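One-letter residues, chain by chain:
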Amino acid sequence: MNNKNPDELSMGYMTEHQEKRILETYRSGRTHQALKLLMDFMGDPVYGMAIHYTGNEEDAADITQDVFLKCWKKLDTFKGESSLKCWVLTITRNTCFTFFKSRHRIISRDDLDYKETGLSNDGIEGLSPDIRQHIADLQEDLKTPLILYHFMGCRYEEIAHILDIPLNTLKARIRRGRLILAKKLKHGSYHHAV
């Protein structure tokens, strides 16, 4: 039975009240119910981040399942130093990195110039397969900030916290990722306006 108010579910944008509700539910011993609430609020963002990393629905589903299993086991270690959203997305990022290491995925480095990428903060709707593939091909330190900013709707400060890097480093990585994407799209004779 679903008792959630539809307005409470907004693609991983948990309010302080919703976060508090999840934590209180967990601390009261209703761990399965707390996990369900967490999955309701963060399921789509976690899966979305995993699909951007892997480009494969099956792998993304496995990563999503692994992330929530880790959250369930480690929720008692959450200290509130960041938002619960940041905590879950950090676990997601680390799980994706572990996935890539286990698959020995190698991503080449590129120093290219940029004009226009076609990215917006409106999510992935309408993005071409070309853009999605070029994002998937980015090296990890550039891909993660772009995904978190453009597709997960995280603010710069949240992303810097999730990645544990200085704010200026984050901004430079986002800019560099956009440069590389724009160059690849330009060389691919692909013109996209979002």
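This text follows the structure it describes.
Conventions adopted
- Residues numbered from 1 in each chain as written.
- Predicted model: local features only at pLDDT ≥ 70, side-chain atom pairs only at ≥ 80, totals over all residues.
- Heavy atoms only, no water.
- Salt bridge = Lys/Arg side-chain N within 4 Å of Asp/Glu carboxyl O.
- Helix = DSSP H or I, 4+ residues; strand = E, 2+ residues; numbered from the N terminus.
- Buried < 20%, exposed > 50% of the residue type's maximum accessible area, 1.4 Å probe, protein only.
- Phe/Tyr/Trp six-rings, centres within 6.5 Å; stacked < 30°, edge-to-face > 60°.
- Expected span 1.5 Å × (residues − 1).
- Axes fitted to C-alpha atoms, helices over the stretch in contact; angles between N-to-C directions.
- Parallel < 35°, antiparallel > 145°, perpendicular 65-115°, else oblique.
- Left-handed = near helix turned anticlockwise from the far one by under 90°.
- Contact = heavy atoms within 4.5 Å.
- Nonpolar A, V, L, I, M, F, W, Y, C, P; charged D, E, K, R; others polar.
- Core = buried A, V, L, I, M, F, W, Y, C linked by side-chain atoms within 4.5 Å.

Asker: When you look at the pattern of salt bridges in this model, what are you seeing that I'm missing?
Answerer: Where charged atoms from two side chains of opposite charge come close, those side chains can pair. Here the structure, examined in full by the defined rule, presents six salt bridges. Taking the shortest distance from any N to any O, the salt bridge between E24 and K20 comes out at 3.9 Å. Linking E24 with K20, this pair stays in helix 1 (residues 16-27), spanning four residues, or about one helical turn. With a relative accessible area of 51%, K20 lands in the exposed category. Among the ionic pairs, D66 bridges to K70, the shortest N-O distance being 3.5 Å. A residue pair is termed a helical-turn pair when its members lie 3 or 4 positions apart in one helix, as D66 and K70 do in helix 3 (residues 57-74) at four residues. D66 gets classed as partly exposed once you look at its relative accessible area, which sits at 30%.

Asker: What's the story with the packing of aromatic side chains in this structure? I'm lost.
Answerer: Two descriptors summarise a pair of aromatic rings, namely the distance from one centre to the other and the angle between the planes of the rings. Tallied over the entire structure, the rule returns two aromatic pairs. Ring centres of F78 and W87 lie 5.5 Å apart, and the angle between their planes is 65 degrees; on these two criteria the pair is classed as edge-to-face. Accessibility assignment for this pair places F78 and W87 in one class, buried. Residues Y149 and Y156 carry aromatic rings whose centres are separated by 4.9 Å and whose planes lie at 5 degrees to one another, so their mutual orientation is stacked.

Asker: Mind showing me how you'd approach helix 8 (residues 167-187) here?
Answerer: Note that an α-helix has 3.6 residues per turn; residues three or four places apart therefore point the same way. A rise of 1.5 Å per residue sets the reference length of helix 8, with its 21 residues, at 30 Å; its end C-alpha atoms lie 30 Å apart and thus fit the reference within 8%. Along helix 8, the residues classified as buried are L170, I174, G177, R178, L179, I180, L181, A182 and L185.

Asker: When you look at the packing of helix 1 against helix 2 (residues 31-54) in this model, what are you seeing that I'm missing?
Answerer: Helix-helix packing is characterised by the crossing angle of the two axes and by the distance between the axes. Put simply, helix 1 and helix 2 touch, their axes get as near as 7 Å, and they point 155 degrees apart. Looking at the two axes, helix 1 sits roughly antiparallel to helix 2. Helix 2 is crossed by helix 1, and the crossing has left-handed handedness. Along its contact with helix 1, which presents Q18, R21, I22, T25 and Y26, the element helix 2 presents T31, Q33, A34, L37, L38 and F41. Per-class residue counts for the contact of helix 1 with helix 2 are six nonpolar, four polar and one charged.

Asker: Looking at this structure, I do not really get the nonpolar core. What am I missing?
Answerer: Counting residues in hydrophobic clusters, the biggest one holds 51 residues, and the most contacted among them are I22, L38, M42, L84, W87, V88 and L148. Mapped onto this core, the elements with two or more residues apiece are helix 1, helix 2, helix 3, helix 4 (84-102), helix 5 (129-137), helix 6 (140-151), helix 7 (156-163) and helix 8. When residues in this core are grouped by element, the largest group, ten residues, is from helix 2.

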